Amino acid sequence: MQIPAPFDYVRASSVDNALALLDRHGAESRVVAGGHSLLPMMKLRLARPDWLIDINDLFELDYLLIDGQTLRIGAMTRHTTLLESDDVQRLFPIITDAERVIADPIVRNRGTIGGSLCQADPAEDLSTVCHVLEAVAVVRGPAGERMLSMADFHRGPYETAVAQNELLIEVRVPIRAGSSSAYEKVERRVGDWAVAAAGASVTLDSAGAISQVAVGLTAVGLEQNVTEVEAVLVGQTPTEELFTEAGRLASLACDPLADQRGPIDYKRHLADELTRRVLRAACRRAAASASEITI
Amino acid sequence: MHINMTINGTDVTREIEPRVLLVHFIRDDLRLTGTHWGCDTSNCGTCVVLMDGQPVKSCTVLAAMADGHSITTVEGLANGTTLDPVQQGFMEEHGLQCGFCTPGMMLTARALLDHNPHPEPLEIREAISGQICRCTGYATIVRSIQWAAEHPVGTAETAATTEEEAVHA
Ligand SMILES: Cc1cc2nc3c(=O)[nH]c(=O)nc-3n(C[C@H](O)[C@H](O)[C@H](O)COP(=O)(O)OP(=O)(O)OC[C@H]3O[C@@H](n4cnc5c(N)ncnc54)[C@H](O)[C@@H]3O)c2cc1C
Ligand code: FES
Ligand code: FES
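Residues numbered from 1 in each chain as written. Chains lettered and ligands numbered in written order. Predicted model: local features only at pLDDT ≥ 70, side-chain atom pairs only at ≥ 80, totals over all residues. Heavy atoms only, no water.

It is worth spelling out the sheet that holds strand S12 (residues 194–204) of chain A at this point. All names here are of chain A. As summarised here, the arrangement of the 3 strands in space is S11-S12-S13, forming an open sheet in which the pairing is antiparallel. Each of the sheet's edge strands pairs with one partner strand only, and the pair in question is strand S11 (179–187) and strand S13 (210–218). Mean inter-strand twist for the sheet, computed between neighbouring axes without regard to direction, equals 10°. Sheet topology note: the S12/S13 ladder contains 8 bridges and is antiparallel. When the sheet's bridge partners are listed, Gly199 is paired in S13 with Gly216. Against the sheet, helix H8 (residues 125–132) engages S11, S12 and S13, with an angle of about 160° to S13. (Pairing = 2+ DSSP bridges. Helix = DSSP H or I, 4+ residues; strand = E, 2+ residues; numbered from the N terminus. Axes fitted to C-alpha atoms, helices over the stretch in contact; angles between N-to-C directions. Contact = heavy atoms within 4.5 Å.)

Residue and element names in this part refer to chain A. When the terminal C-alpha atoms of helix H11 (residues 240–253) are compared, their 20 Å separation across 14 residues agrees well with the 20 Å that a helix rising 1.5 Å per residue should span. Along H11, the residues that are buried comprise Leu242, Phe243, Ala246, Gly247, Leu249, Ala250 and Ser251. Elements in contact with the buried residues of H11: S13, helix H10 (228–233) and helix H12 (264–290). (Expected span 1.5 Å × (residues − 1). Buried < 20%, exposed > 50% of the residue type's maximum accessible area, 1.4 Å probe, protein only.)

Right, let's talk about the packing of helix H2 (residues 85–92) of chain B against helix H3 (residues 102–115) of chain B for a bit. Residue and element names in this part refer to chain B. Contact pair H2 / H3: the axes reach a minimum separation of 9 Å and the direction vectors enclose 125°. For the element pair H2 / H3, the angle class is oblique. For H2 against H3, the interelement crossing comes out right-handed. Contacts from Pro85, Val86, Gln87 and Phe90 of H2 reach H3 at Thr102, Met105, Met106, Ala109, Arg110 and Leu113. Class assignment for the residues of the contact of H2 with H3 results in 7 nonpolar, 2 polar and 1 charged. (Parallel < 35°, antiparallel > 145°, perpendicular 65-115°, else oblique. Left-handed = near helix turned anticlockwise from the far one by under 90°. Nonpolar A, V, L, I, M, F, W, Y, C, P; charged D, E, K, R; others polar.)

Of all residues adjacent to ligand 1, which total 33 residues, the nearest are Val31, Ala33, Leu38, Thr112 and Asp125 of chain A. Mapping the residues near ligand 1 onto chains gives chains A and B. The separation between an oxygen atom of ligand 1 and a polar main-chain atom of Val31 of chain A is 2.6 Å. For ligand 1, an oxygen atom lies 3.3 Å from a polar atom in the backbone of Ala103 of chain A. When residues of the shell around ligand 1 are traced back to their parent elements, those giving at least two are strand S2 (29–32), helix H7 (113–119) and strand S10 (167–174) of chain A. Among the elements that make up the shell around ligand 1, the one with the highest residue count is H7 of chain A (5 residues). Per-class residue counts for the shell around ligand 1 are 14 nonpolar, 14 polar and 5 charged. (Near = heavy atom within 4 Å. Polar contact = N/O pair within 3.5 Å; in protein donor to acceptor, adjacent residues only side chain to side chain.)

Turning next to the domain arrangement of chain B. Residue and element names in this part refer to chain B. When the domains of chain B are assigned, the result is domain 1 (2–76) and domain 2 (85–164). If you average the C-alpha positions of domain 1 and of domain 2, the two centres end up 21 Å apart. With 18 residues of domain 1 at the interface, the matching set in domain 2 holds 15 residues. At the surface where domain 1 touches domain 2, the tally comes to 0 salt bridges. Sorting the residues of the side of domain 1 that touches domain 2 by element identifies strand S3 (48–51) and strand S4 (54–57) as the ones contributing at least two each. With 3 residues, the single largest contributor to the side of domain 1 that touches domain 2 is S3. By residue class, the composition of the side of domain 1 that touches domain 2 is 8 nonpolar, 9 polar and 1 charged. (Domains from an automatic or database assignment. Salt bridge = Lys/Arg side-chain N within 4 Å of Asp/Glu carboxyl O.)

Below, the structure is given as structure tokens:
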């Protein structure tokens, strides 16, 4: 039977209250959002906070709103809410693609975007998605708010720029005309973490050429985007040959480890194949949305 | 700490340690052993209960986090001796073998039908995809849920078998 080590529990009533509680209880206090990463770690005694600050009552952080050219996602937005949102599907199909394969429907009822990004598990899908979409993380602490690019926010496996006395408040995703995106993951069985996954976002100009592109990989040892792909694709009209070259670059850029999910060459093969697939899908979707056909 | 929640429509108040998981609170403190406890790692779904109508894996929720919320366990599905159509469907279509996964499966089915009264078979499979039937009886579980969808208020036979009927059967 897995039981967490003893701790004290307190429920925060607002963001300010949560920040005050983190400040008061200090280094050994942790917030719990959906709890679907933290509680398993506490059950295994890999995490032993003295104080658990429950932020599930912070409905003020559970929202999705379109604000001019930005989609604003509150940190307490559950996976299920992201999956079921028509606005998200229309603007950022990469998020919908990823949410369909994150854990299972019941885990998705609890897990949040904030918890996912702060956990920063190397196999976690939304970090890749946010890197690819060039999202900005809004972090609040005693000294006020700071805006961080994903490159600054996400420091590496299980490590982010969020300090002990800070909270991730919101994720801001820029909305670009002519742009679309896609995500694809290979998993051993439904609900499992990725063997490997890839995400892509592309913007097509009025002539149909690629004016912006980003490709990211999950679970293969590359925390940042595959920047090599940009130089090859930007300014070009999408073709299979370009996707093949991008796939090759992605398989070279990643640095997977062999584990029970597969050997290194298999994971490199997935990085290659999935990069081609997501670029193909993102370009097809961007072209279709340019001609106002929804797919 | 002090917690208070509604379990199957009844108010309960208890003194607990903050580290008690909801599944153990339900089984050990409240002695409602219909909720099963299996993998302990949020993978199998036998511990699923409804929290404010939504399925959650109770091995990965603290009892403290359920304070102030409304919980439904398998014991809360039937209304007196009248079975929930989902329970009746599992009887009609042989939705259980050993019965270990059944409470979680039935609660997920109830939440699915509340949300989507006429699910396609694929939607049913998706809804239960976070749950494992160790007897691998998925086809009959899907048929049981379809039966419940087709009989939203049950049938005339939806009454639970009483002990007396069981003796005469
Ligand atoms: C069986 C299972 C399968 C899964 N499969 C996948 C998968 O395939 N892909 C995937 O991406 N994920 C998967 N997950 C993880 C799931 O998405 C989690 O919900 C997610 O990683 C964490 O979200 P949470 O809200 O539960 O965070 P919690 O567990 O509550 O918190 C995680 C960490 O983030 C911190 N934190 C939470 N919110 C904030 C905040 N607002 N500000 C600062 N710090 C914060 C906490 O202190 C903790 O350290 C799986 C989980 C399970 C149990
Ligand atoms: S016991 Fe909770 S999911 Fe298996
Ligand atoms: S009936 Fe045996 S586990 Fe499903």
